[in-house]
Protein chains: 2
Amino acid sequence: MTATCQRVVLASRPTGPVTPDNFRLETVPVPEPADGQVLVRVHYLSLDPYMRSRMMDMRSYAEPQKLGETMIGGTVGIVEQSRNPRFAAGDTVVGPLGWTEYGLSDGRGLMKVDTRAIPMSAYLGSVGMPGVTAWYGINRICEPKPGETVLVSAASGAVGSVVGQLAKLAGCRALGIAGGREKCEYVTAGLGFDACIDHRQHTDPRSMARAIRAAAPNGVDCVFENVGGVCLDGAIANMNPFGRIALCGLIAGYNGEDIPIHNVRNLLVMRLRMQGFIVSEHLDVWPQALQELAAGVASGRIKYRETVAEGLAAAPEAFIGMLAGKNFGKQLVKLV
Amino acid sequence: MTATCQRVVLASRPTGPVTPDNFRLETVPVPEPADGQVLVRVHYLSLDPYMRSRMMDMRSYAEPQKLGETMIGGTVGIVEQSRNPRFAAGDTVVGPLGWTEYGLSDGRGLMKVDTRAIPMSAYLGSVGMPGVTAWYGINRICEPKPGETVLVSAASGAVGSVVGQLAKLAGCRALGIAGGREKCEYVTAGLGFDACIDHRQHTDPRSMARAIRAAAPNGVDCVFENVGGVCLDGAIANMNPFGRIALCGLIAGYNGEDIPIHNVRNLLVMRLRMQGFIVSEHLDVWPQALQELAAGVASGRIKYRETVAEGLAAAPEAFIGMLAGKNFGKQLVKLV
C-alpha cells in the first residue's frame, strides 16, 4: 500500500474575489525522493498576498500559477528522507514547497534553519520573506533618518509589523494604518508604534489624509505601502519634500478594483520618489537582513503575532480571509 | 520727466483656467540701480508652465506669486547701467527679472552669456532652464542605456524637444507625444525622434496605451513626463521592468483637473521608479549641463523652435495659449 498525503491545486482562476471553488484538495501518493532530492514533511505553510496575483494569468514579474498544479507557497518543515548530501533527516528547513503535506526538493531554495532560539514558524514571517521584504523597503528604498516619520499600511501584518519596528529601531517615528480598533491597539501597545489609524474609519482619501495629518503633524517622510488606494493617496497628501515611497503591495486592488493615485501633483511638487520592488530579486541582501531580523526576534526587540489555521483543508478559507484582513499578524496553516 | 516702462502684475488668482483678467499691465518708472545693482533692458521674456502653479496660493516647493507684484519669469537682456563690478553696460545677461521691460538685479541669479554662436533667446530655452531640466531628468533620473526606449510628452516643447534629442544622442530610441499632426511631423522629421503620437487622437488611457504599444513594441524603459493624465497612464501600461519615470510637469492638471494614475499596479509589478524633481534645486549640474547643451546647439545637433509673441502686452494671451498647447516650441515674448 502506498502512503498518501494531501495537496491543494489551483482549480480555476478567480474572475472577481477568490472563492473556495478556485482550489481543489487532492489526495496523492507521498512522493519518493530521487537521487539528489530530499523529502520534507511540511509543518507550516505560509499564506501571503502575492499568491493572489499568481492566480491570475496576466503579465507580471513571475509566471502565473499553473492550473491543476500544487499552489506555490513558502513552507517550513522537517526533512524526512534525504538523498542530498547537504541535508539530513531531522533537519528543519525552509523552502518553497507549496500547499502540500509532503514536498520534494533538489535543495535549490531550501535552507536549514536553527530553531533553538527562534520558533520554526517565525522563519515564514519576521525571519523570513516578509521580514526581508520589510528590511529591504526600509533600508534600500525608504532609508529613513533618525527623527523622520515612517508610515506603513497593513501595519499589524507580517510585513508591516516588521517595518514599523525597524523604523523605531532606526530612531524614527512609526505610524501605522490597520483595520479595526483591536489591530490598532496591538500596533501601538504591542509593537510600539507611535500611532495607528483605523482605515475602516476613513474610507475616502480626504478623510484618510486628515487622519494622517492629525497623527503626523510634521508630515510623513517615508511610506511603506502594502495596500494602495485610499491609504496611499492619503499618505501622499501628507508627505514632506523628498519623501520616499516603497511600493510593496496593493492588496486593495487584488480583485481588480480601480485603486488610482489621485494626488499625482504632490509626487511632483514634493519631489517624491516612489519605487516598486520584489524582494526575491534582491537575494544579495538576504543574509544580512536575516541575520539582523533573527537577532531582533531572538532578543525580543522584534515582536510578531500569528494567525494559525489547522490542517491543509483549511488553507483556502484562511487565504480568502487573509485577503479580507481577517488574519491578525502572519497567516499560517499548521499541518503537523 | 521720469522715463517709464511697462510691467505685468498678478491681479487675481485663477479659480479655473487662467484668464486675461488675472493679469494687469502697469506703467511704472524705469527703476534706478542702487550701489551693487544693474539695470537690465529685457529683450526676451520666457513663458513656462511652472508659472501656472505659482499663480495659486497653495503648498508647493516655492512661494506663491504675490498679488500686485511683477510676475516672476526668466529673461534675457542687455545691461543698460551697472553699479556692480561683475557686469558692464552692454553685457548680455540671463536672469529672473520677470514680466517687465526693465529690471533691477543685485547680480544674484544673473549670468553673462555669449551670443556669438548662440542666439540670445536660446538661453531661455535649449541652453537655459528648459534645457537643463531635460538634461537632469535624462541623466540623473532616467539614465537610459543605449538601445532603450525613451518616451517624452509635450515632445515639441522647450523641454521635450531637448529630452528626445538627448535620448537620441545617447543611442536610444526616442518616442514623443505631441498635440496635432503638425507638431508630430516636426518631432520626427525636424527633431529626429523615431516616432510621435498625436494625443488628440487618444483621449483615454486605453487608446493611448495601444498607440504607445504600436510605436514601442519592445516596451518603454524611460518616461519623461511633462503632461500627466492620459499620457502618463498610457505610458505606465507599456513600461518594461525596472523602468524609470522622471516626473517633471503635469500640465494636464494645471487647472485643477483630476489627473489620476490608474495603473498603479504596473508601478509595482514592473518595479518602476518614479521621481519628481525641480531643476532649480540641482544647481550643481547646471555648469556641465549648460556646457553640453551649448555645444549641442552651436553645432546644430540640438535643434529647437520658438513661438514669439510681440510686446509685453501680449504676454498674458501668449501664456494662456501656451497652457492650451497653442505654442510650437519654446514660448517667448519679444520686448525689444
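Being a predicted model, the structure only gives us computed values, none of them experimental.

### Here we look at the overall build of chain A
Logical step 1: Each helix and strand in chain A was counted, giving 9 helices and 15 strands.
Logical step 2: Here chain A has a C-alpha radius of gyration of 20 Å; the compact-globule value for 336 residues is 20 Å, and the two agree.
Logical step 3: With the principal axes as the frame, chain A shows a C-alpha extent of 65 × 45 × 35 Å.
Logical step 4: Here chain A holds 336 residues, and the buried ones make up 51% of them.

### Side note on the relation of the copies chain B and chain A
Logical step 1: Mapping chain B onto chain A is achieved by rotating through 180 degrees and translating by 0.0 Å along the same axis, at an RMSD of 0.0 Å. Viewed as a symmetry operation, the transformation between the two copies matches a two-fold axis.
Logical step 2: Both copies share a contact surface, since 100% of the interface residues of chain B are interface residues in chain A too.

### Remarks on the environment of Phe23(A)
Logical step 1: Inspection of the secondary structure assignment puts Phe23(A) in strand β2 (residues 23-29).
Logical step 2: The spatial distance from the C-alpha of Phe23(A) to the C-alpha of Lys112(A) is 30 Å, given a sequence separation of 89 residues.

### Concerning the pairing of strand β15 (residues 330-334) of chain A
All names here are of chain A.
Logical step 1: For β15, the tally of buried residues reaches 4 of 5 residues, placing the bulk of the element in the interior.
Logical step 2: Two elements, strand β3 (residues 38-46) and β15, share 3 bridges in a ladder whose sense is antiparallel. By the bridge assignment, Tyr44 is partnered in β15 with Lys334.
Logical step 3: In this sheet, β15 lies alongside strand β14 (residues 306-310) in parallel orientation, the contact comprising 5 bridges. Bridge assignment links Val308 to a residue of β15, and that residue is Leu332.

### Looking at the domain arrangement of chain A
Residue and element names in this part refer to chain A.
Logical step 1: Domain parsing of chain A yields domain 1 (4-125 + 304-334) and domain 2 (129-280).
Logical step 2: Each of domain 1 and domain 2 has a C-alpha centre, and these two points are 28 Å apart.
Logical step 3: Between domain 1 and domain 2, the residue contacts involve 14 residues of the former and 16 residues of the latter.
Logical step 4: For the side of domain 1 that touches domain 2, the class distribution of residues is 6 nonpolar, 5 polar and 3 charged.

### Some thoughts on the sheet that holds strand β8 (residues 149-153) of chain A
Logical step 1: One open sheet holds the 12 strands; their spatial order is β10(A)-β9(A)-β8(A)-β11(A)-β12(A)-β13(A)-β13(B)-β12(B)-β11(B)-β8(B)-β9(B)-β10(B), and the pairing between them is mixed. The sheet is open, and its two edges are formed by β10 (195-198) of chain A together with β10 (195-198) of chain B, each paired on a single side. Mean inter-strand twist for the sheet, computed between neighbouring axes without regard to direction, equals 15 degrees.
Logical step 2: Relative to strand β13 (residues 273-276) of chain B, strand β12 (residues 239-247) of chain B runs parallel, the two being bridged by 4 bridges. Each residue of the ladder has a partner; that of Ala246(B), found in β13(B), is Gln275(B).
Logical step 3: Sitting on the sheet, helix α5 (residues 205-215) of chain A touches β8, β9 (173-178), β10 and β11 (220-225) of chain A, and the angle it makes with β10(A) is about 165 degrees.
Logical step 4: On top of the sheet, helix α5 (residues 205-215) of chain B reaches β8 (149-153), β9 (173-178), β10 and β11 (220-225) of chain B; it is set at about 165 degrees to β10(B), its chief contact.

### Remarks on α5(A)
All names here are of chain A.
Logical step 1: Those residues of α5 lying buried are Pro205, Met208 and Ile212. When α5 is viewed along its axis, its buried side chains cluster within an angular range of 65 degrees and face the same direction.
Logical step 2: Residues of α5 that are buried in the fold lie against β8, β10, β11 and α6 (230-236).

### Details of the environment of Asn226(B)
All names here are of chain B.
Logical step 1: As for its placement among the helices and strands, Asn226 is situated in the loop between β11 and α6 (230-236).
Logical step 2: Look at Asn226 and you get buried, because 27 C-beta atoms sit within 10 Å.
Logical step 3: Placed 177 residues apart in sequence, Asn226 and Pro49 show a C-alpha to C-alpha distance of 9.5 Å.
Logical step 4: Those residues within four positions of Asn226 in sequence are excluded, and the remaining contacts are Ser153, Ala154, Gly157, Val159, Gly160, Cys248, Gly249 and Ile251.

### Focus: the interface of chain B and chain A
Logical step 1: Between chain B and chain A, the residue contacts involve 26 residues of the former and 26 residues of the latter.
Logical step 2: Only β12, α7 (264-269) and β13 of chain B provide two or more residues apiece to the side of chain B that touches chain A.
Logical step 3: Looking at the side of chain B that touches chain A, its residues break down into 16 nonpolar, 6 polar and 4 charged.
Logical step 4: Two strands pair when backbone bridges link them, and strand β13 (residues 273-276) of chain A and β13(B) are joined in this way by 3 bridges, in the antiparallel orientation. Each bridged residue has a counterpart across the sheet, and for Gln275(A) the counterpart in β13(B) is Arg273(B).

### Observations regarding the environment of Cys196(A)
Residue and element names in this part refer to chain A.
Logical step 1: Here Cys196 shows up in strand β10.
Logical step 2: Take Cys196: there are 25 C-beta atoms within 10 Å of it, and that puts it in the buried class.
Logical step 3: Apart from residues lying up to four places away in sequence, Cys196 is in contact with Ala155, Gly176, Ala178, Cys184, Val187 and Thr188.

### So, helix α3 (residues 158-169) of chain A
Residue and element names in this part refer to chain A.
Logical step 1: With 12 residues, α3 should reach 16 Å at 1.5 Å per residue; the first-to-last C-alpha distance of 17 Å fits that figure.
Logical step 2: In terms of residue burial, α3 counts as a mostly covered element, since 10 of its 12 residues are buried.
Logical step 3: The set of residues buried in α3 consists of Ala158, Val159, Gly160, Ser161, Val162, Val163, Gly164, Gln165, Leu166 and Ala167.
Logical step 4: On its buried face, α3 is in contact with α2 (129-142), β8, β9, β11 and β15.
Logical step 5: Gly171 sits one or two positions beyond α3 and adopts a positive phi of about 85 degrees.

### A look at unusual backbone geometry
All names here are of chain B.
Logical step 1: We note that Glu143 has phi near 45 degrees; this positive angle belongs to a residue other than glycine.
Logical step 2: Summarising the element assignment, Glu143 is placed in the loop between α2 (129-142) and β8.
Logical step 3: For Glu143, a count of 14 C-beta atoms within 10 Å translates into the label partly exposed.
Logical step 4: Here Arg271, not a glycine, exhibits a phi torsion of approximately 50 degrees, which is positive.

### Here's the deal with the confidence of the model for chain A
Logical step 1: A residue-level look at chain A finds 100% of positions with pLDDT of 70 or above and a mean pLDDT of 96.
Logical step 2: On the interface metric, ipTM, the complex scores 0.91, and its pTM is 0.93.

### Some thoughts on the packing of α2(A) against helix α8 (residues 286-299) of chain A
Residue and element names in this part refer to chain A.
Logical step 1: Packing of α2 against α8 leaves a shortest axis separation of 9 Å and a crossing angle of 110 degrees. Between α2 and α8, the crossing angle belongs to the class labelled roughly perpendicular. Where α2 abuts α8, its residues Gly131, Val132, Trp135 and Tyr136 lie against Trp286, Ala289, Leu290, Glu292 and Leu293.
Logical step 2: Tallied by class, the residues present in the contact of α2 with α8 amount to 7 nonpolar, 1 polar and 1 charged.

Conventions used here
- Residues numbered from 1 in each chain as written.
- Chains lettered and ligands numbered in written order.
- Predicted model: local features only at pLDDT ≥ 70, side-chain atom pairs only at ≥ 80, totals over all residues.
- Helix = DSSP H or I, 4+ residues; strand = E, 2+ residues; numbered from the N terminus.
- Rg over C-alpha atoms; globule rule 2.2 N^0.38 Å.
- Buried ≥ 20, exposed ≤ 12 C-beta atoms within 10 Å, placed from the backbone.
- Least-squares fit on C-alpha atoms with pLDDT ≥ 70 in both.
- Contact = placed C-beta atoms within 7 Å.
- Pairing = 2+ DSSP bridges.
- Domains from an automatic or database assignment.
- Nonpolar A, V, L, I, M, F, W, Y, C, P; charged D, E, K, R; others polar.
- Axes fitted to C-alpha atoms, helices over the stretch in contact; angles between N-to-C directions.
- Arc of directions from axis to C-beta.
- Expected span 1.5 Å × (residues − 1).
- pLDDT = per-residue confidence, 0-100.
- Parallel < 35°, antiparallel > 145°, perpendicular 65-115°, else oblique.

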